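Examination of the molecular architecture
Read off the chains here:
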Amino acid sequence: MVGLCAIWGLQQVAIKLAAPAVAPLLQSAIRSVGAVGLVWLWARHRGIDLRLDDGTLRPGLLAGVLFAGEFALLYWALQYTPASRGVIFLYTAPFLVSLAVVWRLPDEHMRPVQWVGLGLAFAGVVALFGEGLLKPAGITWLGDVMMLGAAVLWAATTLTIKFSRLATAAPEKTLLYQLAVSAAILSALTMALGKTTVGAITPTVVASLGFQIVVVAAFSYACWFWLIRHYPATRLSAFSFLTPVMGVLAGVAFLDEPLTPAIIGAMTLVGIGIFLANRPPRG
């Protein structure tokens, strides 16, 4: 999970590097389209059953729609609210997942110390991005609501996979559903909004898109679905708070952004929170 969070944090830098030539929404569509072919070839190579009559079709299509809706809302919200502010609302998703899982699966109950851990991890994100949180300007609230909507769809995607036949399907098959549906929806949305213009294609842009297609969409998401199958969603959710912090650290490493005390403090809070959320019970 730490490795996946590092990959997802690096994705934020990759998107920024390619943004002058390829709009972020178009990048998302290209990522899904490119990864569909890679994952399909890998699944065929491994002999994975890709039949649609095994009870996974409906939840698979639903997961794809939710995934596409999450990214559509996320990119739309950034027109109204700064990314540094929106990420706070987006990362309410782990709480939604934990509440739903505890309600549906009593054996995945969370002890008070684990809720404290989630709270501390979220506090780390707020400490890093929360400047001006209580001072919204203009229609910033509209972007905030969209980010909350994206958080709900993110949580719903995880829960759909956890509580349906997808929970026993091969991770590659689950990923193919999600990528194929999101590729169609995001491509249509990109064309509808006129975001299809592409600027100068440099080696940096090619490397950025390649990283997003191969490492993020094809590799890391398959690993994530495997983890959802084998580990409690409540504990995995705590690790997701590392992603925005990893994104900031990646900016420090690759974009020469400053390493501030706020980043160090946020890392400390998130680390303590993850430790408490995953700490086994005594005795």
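Quick caveat, the model's predicted, so the values are computed rather than measured.

**Considering the side chain of Lys-162**
Relative to the helices and strands, Lys-162 is located in helix 7 (residues 140–162). Judged by its relative accessible area of 16%, Lys-162 is buried. At a separation of 3.0 Å, a polar atom in the side chain of Lys-162 contacts the main-chain carbonyl oxygen of Ile-228.

**Topic: the confidence of the model for the protein**
Close inspection of predicted coordinates is inappropriate for parts of the model with low pLDDT. Confidence in the prediction of the protein, expressed as mean pLDDT, is 85, and 95% of residues score 70 or more. The least confident element of the protein, judged by mean pLDDT, is helix 4 (residues 83–90) at 74; the most confident is helix 8 (residues 171–192) at 92.

**A word on the packing of aromatic side chains**
Counting across every chain of the model gives 10 aromatic pairs. Between Tyr-91 and Trp-154, the aromatic rings sit 5.2 Å apart at their centres with planes inclined by 85°, giving edge-to-face as the arrangement. One end of the pair, Tyr-91, is in the loop between helix 4 and helix 5 (93–104); the other, Trp-154, is in helix 7, and 63 residues separate them in sequence. Considering the side-chain rings of Tyr-91 and Phe-241, the 6.3 Å spacing of their centres and the 40° angle between planes classify their relative orientation as tilted. Here Tyr-91 is found in the loop between helix 4 and helix 5, whereas its partner Phe-241 is found in the loop between helix 10 (233–239) and helix 11 (242–254), with 150 residues between them in sequence.

**Concerning the pattern of salt bridges**
The full count for this structure, using the stated rule, is 4 salt bridges. As a salt-bridge pair, Asp-53 and Arg-51 come within 3.1 Å of each other at their nearest N and O atoms. Among the salt bridges present, the one from Asp-54 reaches Lys-173, with a minimum N-O distance of 2.5 Å. Within this pair, whereas Asp-54 is found in the loop between helix 2 (24–46) and helix 3 (57–77), its partner Lys-173 is found in helix 8, the two being separated by 119 residues in sequence. For the pair Asp-54 and Lys-173, one class covers both residues: buried. Here the salt bridges share partners, and the residues they tie into one network are Asp-49, Arg-51 and Asp-53.

Conventions we followed
Residues numbered from 1 in each chain as written. Predicted model: local features only at pLDDT ≥ 70, side-chain atom pairs only at ≥ 80, totals over all residues. Heavy atoms only, no water. Helix = DSSP H or I, 4+ residues; strand = E, 2+ residues; numbered from the N terminus. Buried < 20%, exposed > 50% of the residue type's maximum accessible area, 1.4 Å probe, protein only. Polar contact = N/O pair within 3.5 Å; in protein donor to acceptor, adjacent residues only side chain to side chain. pLDDT = per-residue confidence, 0-100. Phe/Tyr/Trp six-rings, centres within 6.5 Å; stacked < 30°, edge-to-face > 60°. Salt bridge = Lys/Arg side-chain N within 4 Å of Asp/Glu carboxyl O.

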